[in-house]
Every structure is written in structure tokens, then in C-alpha cells.
Amino acid sequence: MFTIIKKTDIDFIGKRKQFFMISLIFVAIGLIALVQISRGSGNLGIDFSGGAALQLKFDQPIEINAARKALESGGLKNATLQEISSDNKLIIRLKKREISGENIRGKVKDIFSTAFSGNNFIVESSTEIGPTIGKKLQGDAINAIIFSLVLIITYIAFRFEFRFGIAAAIATFHDVFVVLGFFFLMDKEISLLLVTALLTVAGYSLNDTVVVFDRIRENLKSRKKETFGEVINRSINDNLSRTVITSMTTFLAVVALFLFGGEVIHDFALAVLLGVVVGTYSSWFIASSLLVTWQQKRIEIKTKKRVLKKAS
Amino acid sequence: MKKSIKGRLLTLIALLVIAIFFLLPSTSIYSKLPAWWGDVFPSKGVSLGLDLKGGMHLVLEVEVEKAVDNAIERMASTLKGALERKEVEGLSIKVTDRLIYLSFPSDKTEVVKETLDEEFPNLVTEEESGGEKVLAFREAEKNRILTTSTLQALETIRNRVDEFGVAEPLIQKQGDKQILVQLPGIDDPERAMELIGKTALLEFKLLNENSPLLRDFPGRIEEGKEQEFLDLFKDRLDENDEILFERMTNTETGEVTKSPHIVTKTAALAGDLLSDARVSIGEFNAPYVSITFDNEGATLFEQITQKNVQRRLAIVLDGNIYSSPRIQEKISGGRAQISGTFTHQEASDLAIILRAGALPAPVKVLQNVTVGPSLGSDSIRKGWISGFISMLLVIAFMVIYYRFSGLLAVTAMAINIILLVGALATLNATLTLPGIAGIILSIGMAVDANVLILERIREELRAGRPVRMAIDAGYEKAFTSIFDSNVTTLITAIALITFGTGPIRGFAVTLGLGIAINLFTALVATKVVYDYLNGRKRLETLSI
């Protein structure tokens, strides 16, 4: 047998307070990102904010500053430009207020064919989205998240226990917020595709958490003599090699997507890669540790009640 | 036991064969198969989304409120025509806020009432006094226009697209007043947009050449200065008149100017009375559009031209004057022509639009996504490459780590992919780029179920159990994990399919299917192989 991870006995829950602190900081960043995004600041993709995006492919390399100048003198100020220099591609993004009611595709074509007359290009793709659609897409995304969350908590509460459902939900939120916070900090575009990626992360993270929980459920039945914390530690250790191997295979699959999938899918893959790492971390240090904290609190409350009863 | 192994193996093979049959049309092998194949076996494969094959995706909103405004305007001018035919002189008709203000000589009250009752059942009198009436649409008529104008716009757009000639267009209503238009493989999106988005309201309006304002009119103004010009004159303009512009292109310099004209607000004749529109070539090889009216239109046109000989009649499309020829004599036969500075293609597109008819109201573009074919094929290629590399990496890892059992797991993964793509083909699903991402992700996750099982079997082996028992126990114990974890992911996928739109949905469909098939292969396909091996000879060792 070829093994990466031998039988282990790592104390995962011992340092949970420290891990909670670290996670809290990351989640806080994610929350700030969410607030900023819902206020409309942050690098919102045009599918949410409304606006236009065009992708041009030139025959020869194009100087990004010259492109910006050409657009400005053509009346398109505040365009966000992104260059994919390996393919001579240029992505132009315009927010909605810059383009009210214009034929933006024709305008950009005119600007570039006059300013760079020696450098032929084709418009590979163009997207124009009105603000009302953006609102609808935003609403749809939020509905999807709330709906799936409620269903998942219900399912886990039904298959396991209520607190497992809550712990899994918190861990999932944790992962989504960490990835979102990262994208916000890196000033990457918050688009519909990123939302898809975040939902994938949520799905993956849950998947991982449930596998660990399943082992906890099994061990709680067979190891009645051990404390709750010991059982949880044992369960994570039992599952360690599976978790690592699954994370690794998924990671490998997505790395290929990240490296070779092309510009459209690039950020999507990045978010999922990050999510795989964070999701693995959270099943160990957040979801399982939360169960221990919950158990302790429950015992504390019970004893308090008992003390109170005795006193009265 | 042996019998059930045979049964399961046969089911698995049968499923695979079915999947492959459904898959075939999506591959390049299909074109090499004999012709009868398509008649007997499935001929429709996975269709590619617009992001992969290129094309145009439009979401339009019909401004239905404007349809009511337009309808009342038209109703007013029809009413005017009807009353004039009954020789009611000294009429004045005005439309404001969806109300028709009608004034007429009071001795004609009976005639007006009769005409309204007989010919205009959709109008209701709101107020009246001697020689004056205020009319409005009945509530039912207004609602009918509101609800039918989207459908009417849909029909018109469908006609235009059909005439334009696009393979497999998708045109459907979405919600109350939105229309989704998908045109695969369009190579001139700007032209397509012109064809679809134009309201194409054709009207004939008489020029008012006696207005005192004309003395102050310049011959032409710069393009883009129209609003400024209108503001300058709006206070002095007669309330029955309006200013419209004719676009003039200097054929030598290409410079565009606008020439202002004063026309009557009410159209003398509208384009809904057309029966045909064709491109013709006139002098100097200049294309124009010749139109033919239907019977009613032809009669009206004859009357108008007869009554207004020597006046100029403007041909107005969507509020822009195309030409304003002087009427030389009565025109019978119901033919007219629209000339202007067209290219041949513009003229033929205009003919298409006129034949298909006007939209009941203007449409607003909510979403316009256009992907060129080169980007599409680029995405497909990159999708395949990264999918292939993903698979190689995973296969290498699994075989090195788990040896023979890893190979089994990888085989299961391959079966998985075949079944998944087969299922997509069976459902006639549309594959998009996020869909490919979903497939690749499920490659990663397909392995998970097998890893869970193999790790459990290893545990049992370490605990000293014989191979056969270890396999059974491994499967049994891994089952709940696999089941619960897949069901939760499946729930997410279903939520996304239900509420998601566009790319999210495409992704969720492949992920959801991938997971469902995952469950099947992990719990049935590999197990049957172990059982089979075990049945042939007692397994003493297991390469794991």
C-alpha cells in the first residue's frame, strides 16, 4: 500500500480558539466586501451593474495606454481596460452611465479602426446589459443562495442533528466569505461567473464537511466511552487521508482549468482552487470545532440550570 | 449471487451502449456513418451554447405602455378619416394623455355619434358638450393592447428573423413583456440589431409649407444638434404640427446633415396598410424600396393624393423623414416608393422590416451578448485541453496511489463521463462554457466517492479482515458518507437550476447530472467488478 498519510493522531480541536480568531478576521473581510458590493462599490461585473464589455482581438500587439487615450478622445472615458498580451486581446469594460442608449459596439469599432488603422482587429465578443437585468440577476443569485441554504440545513438536521446543520452552514458561509473577501481585496471582478464559483465552493465545502460529520456520527455510536472532543478528533484523523486525497484530485482537476481554460474561465477556476483549500480547512477547524464549542456550552448551561435549581 | 452479478453487469453495459448511441451524433464519427443510421438511432446530440459556437443573445423589453399611446394616436387618425368621409367639415382632433379631444360643428352631433357607435366600439365618451367630445379607450381595450403587444412584437420579430435567414433561431416570450432572441452564428450583429430592434413605424405625413416658422428655418443643421433646434422653435409651433428631420448624406464627402421640415402631427396614412415591399433599382443604380398598399390603403392613398395635389408628402419611418416628394397628380393603383441614400443591403433590410410589419411599440435592449465564432471555437478547444489534462492528472494520481483499485476507480470515472455526456445528449441539453466547467468539476468529485470506498477498504484490511469482507465492509461503511455528501451537493445544484439564470443554470445542470450519475457508478459499477473478481476465484490479495 502506497500511502501519503499514515495513521495520525493530530489534535484538531485543541487550538480551535486561535483558528476561530483567524477565520473571524477573514470572514470580516468577506462581510465588508459583501456590504461594499451591495452598496454598488467594488469591482462589480457588468452583469450586475449594467454596462458593456467588449473583447477585441488584434493582429498585432496593442499598447494599452494608447488604447485608453483613443477611447477617451472618442468620448468613452472611465473605461476599464484589461490586456491579454499573449493573444493580443483587449477587454474593454464600461459602466452603465457611460453608455446610455448608444450603439457601443459600433462606436468602439469606429474608434479603434481610426486610431489603429494599421492594426486590424475583430470584435470577439460584446455584452451590453441594462440595469434592470442586473437587478434581476442579483435577485436570482440571492434567492438561489437562500433557498439552497435552507434546504441543506433542513437535510442535515434531518439526517444528523440540528446543531450539525448549523455548524455545516456556518462553515460553508465561512468559505464563501473568505473567497469573496479575497476577490474583493485583489480587486477582481465580481460577476455572475464568480457567483457560480462561490456556489461551487459552497457545494464542495459542504460535501467535505458532511463526510467528516458522517464519521463523527458513526464514531459517536461506537466510542461511547470517549469524550465528545476525543471522538471528533478521532473522526477527523480517521478521515484525514481521504480528505487530503479528494482535495488533491479536485485541486488537480481545477488547476488544469485554471492554467489552460482560457480567460473566460480563469477567475472561476481561481475561486474554486481557493475554495478547495479553504473548504478543507473549514471542515476540520471550523465545522467540527464548532460542534465541540456547542457541546461545551450546552453542558455549561445544563450545569448552570442544575445549580440554579438546587439554589432555589 | 452470481446471477445478480450478471444482471448488474448487463444493466451497466446496456446503459453504456445506450449512452454511446446518444453520444454519437455529437462526435465527428457521426458524419462517417451510413445515412440510414440517423433514421434508426438518435440523430440529435448535445447542442452547443452561444458562448461556444458564437452568436447573439438578446433580451428585449417591449415598451407596452407606448403601444397604448401609439394605438390611441392611430385610432384618432382613423376617426378623423372616417368622419371626413361622412363630410363632417371643420373638424379638430387632438390627443393628449391618451384622451382624444374632438371638436366638430354642433349640427353634426348625430353623425358623429352614429359613426362612433358603429365603427369605434372601443372608444368610450368621457365628457361631452355641444360640438365637443373627449374620448378614451375602454378599459378592456387598453388591457388587450397591454397584454397582446408583447406577443405581437414577438410575431413581428420572428417574421423578420425568418426573412433574414438565420439557422435555428430561438425567439420566445420571457415574463410579461420581455422577448428572448438567440441567433446562432450571426456574423454581422450590428445589422441584426437594426433588423430586430427597429420599430419600423411607417407613416405618410403632409408637409406644412405655409408655416411662418419656415422663414427662420435653415436649410440644414449639423447632426446631433436636433434637440437644440427643436427647443428653439417649440413655443411657436402650431399644436397640430411637428418638426421632423430628413437625413442628408453628401455622396462625395460622406458628411451627414439634417434638414428640418414641418409636418402635420396626424399621419395621413400609416404603414400597416401595406401588402408588400420590395427593393428596386432606380436611376444611377440607386436602390429604393417600392411598396404596395392593400385595398384599403390603396383607396386611402388615392384620396389623399387627389386632395393634396402639389403638396409635399413626407414618408416617415420611426420619426425620420426618408423623402418628401411633391404630389404631381392623383396616384391610383396603391404603389409608392421610399428612396433615400441607401446601400443595397440597407434597402433590402428595410424591405424585410416593412414586409414583416411594425412593432406595436419600441423595444428596449436589456441584454445583448454577442460572441464571435472564433472565440467560441477557442473556448471549446481550451475546454477540451483542460478537461483532458485534468483527466490525465487524476488518472496518474489514482493509478500510482491505488494501483489496480485505482485503475478500477478511473474506469468508473470514464464510465461516469460517458454516461454524463450521454445523458446530456438524451436530454438534448445545451452545453455552455460553465457547463464544461461543471463536467470538469464532476471529474474531480467523481473520484471522491471511490476514494472514500478505497480508504475504507484499506482500513478494514489494516484491521486484518480478509479481502472479501474488507470490500463488503468498505462499501457498506462508505455508503452513508457518499449518499449524504452527494445529496447535499445535489440540493445545491437543484437550487441553482431552479433559481439560477444563464451561466449559473448551465453549470448547475451538468453538475447535478454529474453527481446523480456519480452515485450510480460509485455504488454499482465498481462493486460489480469486485464481486465478479471475487466470484471467479477467492481473492487472497487486493492491489490497493
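Residues numbered from 1 in each chain as written. Chains lettered and ligands numbered in written order. Predicted model: local features only at pLDDT ≥ 70, side-chain atom pairs only at ≥ 80, totals over all residues.

J.: For the overall build of chain B, give the residues involved together with the corresponding values.
T.: Counting its secondary structure elements, chain B contains 14 helices and 20 strands. Its C-alpha atoms put chain B at 110 × 55 × 50 Å along the principal axes. In chain B, buried positions account for 42% of the 544 residues. Relative to all contacts within chain B whose residues are 6 or more apart in sequence, the contacts with residues 24 or more apart total 71%. (Helix = DSSP H or I, 4+ residues; strand = E, 2+ residues; numbered from the N terminus. Buried ≥ 20, exposed ≤ 12 C-beta atoms within 10 Å, placed from the backbone. Contact = placed C-beta atoms within 7 Å.)

J.: Go over the sheet that holds strand S5 (residues 123-129) of chain B, please, and point to the residues and values.
T.: Residue and element names in this part refer to chain B. Strand order in the open sheet formed by four strands is S3-S4-S6-S5, and the pairing between neighbours is antiparallel. A single partner strand is all that each edge strand has here, and the edge strands are strand S3 (92-96) and S5. Each adjacent strand pair in this sheet contributes to an overall mean axis angle of 20°, direction not counted. Looking at chain direction, strand S4 (residues 99-103) and strand S6 (residues 132-137) are connected through four bridges and run antiparallel. Bridging from a neighbouring strand, Leu102 pairs with Lys133 of S6. (Pairing = 2+ DSSP bridges. Axes fitted to C-alpha atoms, helices over the stretch in contact; angles between N-to-C directions.)

J.: Outline the nonpolar core, listing residues and values.
T.: Grouped together as the largest cluster of nonpolar side chains are 232 residues, with contacts concentrated most on Ala168, Leu198 and Ala271 of chain A together with Leu354 of chain B. Not counting residues up to four positions away in its chain, the partners in contact with Leu198 of chain A are Val176, Val179, Leu180 and Ala271 of chain A. (Core = buried A, V, L, I, M, F, W, Y, C linked by C-beta atoms within 7 Å.)

J.: Go over helix H11 (residues 373-426) of chain B with me, naming the residues and quoting the values.
T.: Residues and elements named next belong to chain B. Over its 54 residues, H11 extends only 26 Å from the first C-alpha to the last, a length that falls short of the 80 Å expected when each residue adds 1.5 Å. The axis of H11 is deflected most strongly, by about 140°, at Tyr402. Looking one or two residues beyond H11, the residue adopting positive phi is Asn428, at roughly 60°. (Expected span 1.5 Å × (residues − 1). Bend = angle between axes of the 7 residues up to and from the residue.)

J.: So what about helix H4 (residues 104-115) of chain A? Which residues, and what values?
T.: Here H4 of chain A contains 12 residues, and its C-alpha end-to-end distance of 16 Å stays within 8% of the 16 Å for a straight helix at 1.5 Å per residue. Summarising the contacts, the buried residues of H4 of chain A are in contact with strand S1 (51-58), helix H3 (64-73), strand S3 (89-95) and strand S4 (121-129) of chain A.

J.: Provide a residue-level description of the interface of chain B and chain A, including the pertinent values.
T.: Opposite the 61 residues of chain B that make contact, chain A presents 58 residues. Taken together, the elements giving at least two residues each to the side of chain B that touches chain A come down to helix H7 (189-197), strand S19 (363-371), H11, helix H12 (433-462), helix H13 (467-499) and helix H14 (502-536) of chain B. For the side of chain B that touches chain A, the leading source of residues is H11 of chain B, giving 15 residues. Along the lines of polarity and charge, the residues of the side of chain B that touches chain A split into 33 nonpolar, 20 polar and eight charged. Looking at chain direction, S4 of chain A and S19 of chain B are connected through five bridges and run antiparallel. Note that in S19 of chain B the partner of Ser126 of chain A across the bridge is Thr370 of chain B. (Nonpolar A, V, L, I, M, F, W, Y, C, P; charged D, E, K, R; others polar.)

J.: Can you tell me about the domain arrangement of chain A, naming the residues and giving the values?
T.: According to the domain assignment, chain A contains domain 1 (16-42 + 133-302) and domain 2 (51-129). A separation of 38 Å is found between the C-alpha centroids of domain 1 of chain A and domain 2 of chain A. (Domains from an automatic or database assignment.)

J.: Quick one: what's the story with the domain arrangement of chain B, residue by residue and with numbers?
T.: Residue and element names in this part refer to chain B. Under the domain assignment used here, chain B contains domain 1 (2-52 + 372-536), domain 2 (74-133) and domain 3 (198-370). Inter-centroid distance (C-alpha atoms) of domain 2 to domain 3 is 27 Å. Taken together, the contact between domain 2 and domain 3 spans six residues of the former and four residues of the latter. When contributions to the side of domain 2 that touches domain 3 are tallied by element, the ones reaching two or more residues are helix H4 (64-85) and S3. Of the residues belonging to the side of domain 2 that touches domain 3, the class tally is two nonpolar, one polar and three charged.

J.: Requested: an account of the confidence of the model for chain A, with residues and values cited.
T.: Residues with a pLDDT of 70 or more make up 98% of chain A, whose mean pLDDT is 85. Per-element averaging of pLDDT across chain A places helix H2 (residues 46-49) of chain A at the bottom with 79 and helix H6 (residues 162-185) of chain A at the top with 91. (pLDDT = per-residue confidence, 0-100.)

J.: Lay out the sheet that holds strand S2 (residues 55-62) of chain B in plain terms, naming residues and giving numbers.
T.: Pairing between sheet strands relies on hydrogen bonds along the backbone, with the strands arranged either parallel or antiparallel. In spatial order, the strands read S2(A)-S3(A)-S1(A)-S4(A)-S19(B)-S2(B)-S8(B)-S7(B); together these eight strands make up an open sheet with antiparallel pairing. Strands with a single pairing partner mark the edges of an open sheet, and in this sheet they are strand S2 (80-84) of chain A together with strand S7 (170-174) of chain B. On average, adjacent strands in this sheet sit at an angle of 20° to one another, irrespective of strand direction. Pairing between S7 of chain B and strand S8 (residues 178-184) of chain B: five bridges, direction antiparallel. From the neighbouring strand, Gln174 of chain B faces S8 of chain B, where its bridge partner is Gln178 of chain B. This element, H4 of chain A, spans S1, S3 and S4 of chain A of the sheet and lies at about 150° to S4 of chain A.

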